[in-house]
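# Structural overview
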Amino acid sequence: MKSRSPGSRSGGPTPKRSITPAQKLDYLAAYEDAILRNEGGAYLREQEIYSSQITELRKLRDAGVLEGKKPCERIRRLSP
């Protein structure tokens, strides 16, 4: 009988990563720099980030939600 593997990844699924508000702002700044060099897509692939996540981070930044947050504070999506 075959043994079942934990998943397509060799070590099984990885836990969800936690990103601080400061790191989110850093991601945005680095992405915007990469766009100026026409390397935006490569940056997203390298960091394993979706473009929809960048869109959400921009909304949070523009609303002022990321500024002044402590690393342990949760940031929820903006309500319409």
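Please refer to the structure placed before this passage.
Residues numbered from 1 in each chain as written. Predicted model: local features only at pLDDT ≥ 70, side-chain atom pairs only at ≥ 80, totals over all residues. Heavy atoms only, no water.

Along its length, the chain carries three helices and zero strands. Mapped from its N terminus to its C terminus, the chain presents α and β elements in the order α-α-α. Looking at the chain as a whole, 21% of its 80 residues qualify as buried. A separation of at least 24 residues holds for 42% of the contacts in the chain among residues at least 6 apart in sequence. Surface exposure of the chain reaches about 6800 Å², of which carbon and sulfur atoms provide 49%. (Helix = DSSP H or I, 4+ residues; strand = E, 2+ residues; numbered from the N terminus. Buried < 20%, exposed > 50% of the residue type's maximum accessible area, 1.4 Å probe, protein only. Contact = heavy atoms within 4.5 Å. Areas by Shrake-Rupley, 256 points an atom, 1.4 Å probe, with all protein chains shown as cover.)

Take the packing of helix H1 (residues 21–36) against helix H3 (residues 51–62) next. Running from amino to carboxyl end, H1 crosses H3 at an angle of 115°, the nearest separation of the two axes being 10 Å. The element H1 and its partner H3 pack so that their crossing is left-handed. Seen from H1, the contacting residues are Lys-24, Leu-25, Leu-28, Tyr-31, Glu-32 and Ile-35; seen from H3, they are Ile-54, Leu-57, Arg-58 and Arg-61. The residue makeup of the contact of H1 with H3, split by class, is six nonpolar, no polar and four charged. (Axes fitted to C-alpha atoms, helices over the stretch in contact; angles between N-to-C directions. Left-handed = near helix turned anticlockwise from the far one by under 90°. Nonpolar A, V, L, I, M, F, W, Y, C, P; charged D, E, K, R; others polar.)

Glancing now at helix H2 (residues 40–47). Here H2 has its buried residues at Gly-40, Tyr-43 and Leu-44. Taken around the axis of H2, the buried residues stretch over an arc of 100°, which confines them to a single face. H2 presents Arg-45 and Glu-46 as exposed residues on the side facing more than 90 degrees away from its buried surface. Check the buried side of H2 and you find it contacts H1 and H3. With its phi angle positive at about 60°, Glu-48 sits one or two positions after the end of H2. (Arc of directions from axis to C-beta.)

Right, let's get into the environment of Arg-58. For Arg-58, the location among the structural elements is in helix H3. Sequence separation between Arg-58 and Lys-24 is 34 residues, and the spatial gap between their C-alpha atoms is 9.4 Å. With residues near it in sequence (within four places) discarded, Arg-58 still touches Leu-28, Tyr-31, Glu-32 and Ile-35.

With that settled, consider the packing of H1 against H2. Where H1 contacts H2, the two axes come as close as 7 Å, and the packing angle between them is 145°. Of the residues in H2, those in contact with Tyr-27, Ala-30, Tyr-31, Ala-34 and Ile-35 of H1 are Gly-40, Tyr-43, Leu-44 and Gln-47. Here the contact of H1 with H2 is composed, by residue class, of seven nonpolar, two polar and no charged.

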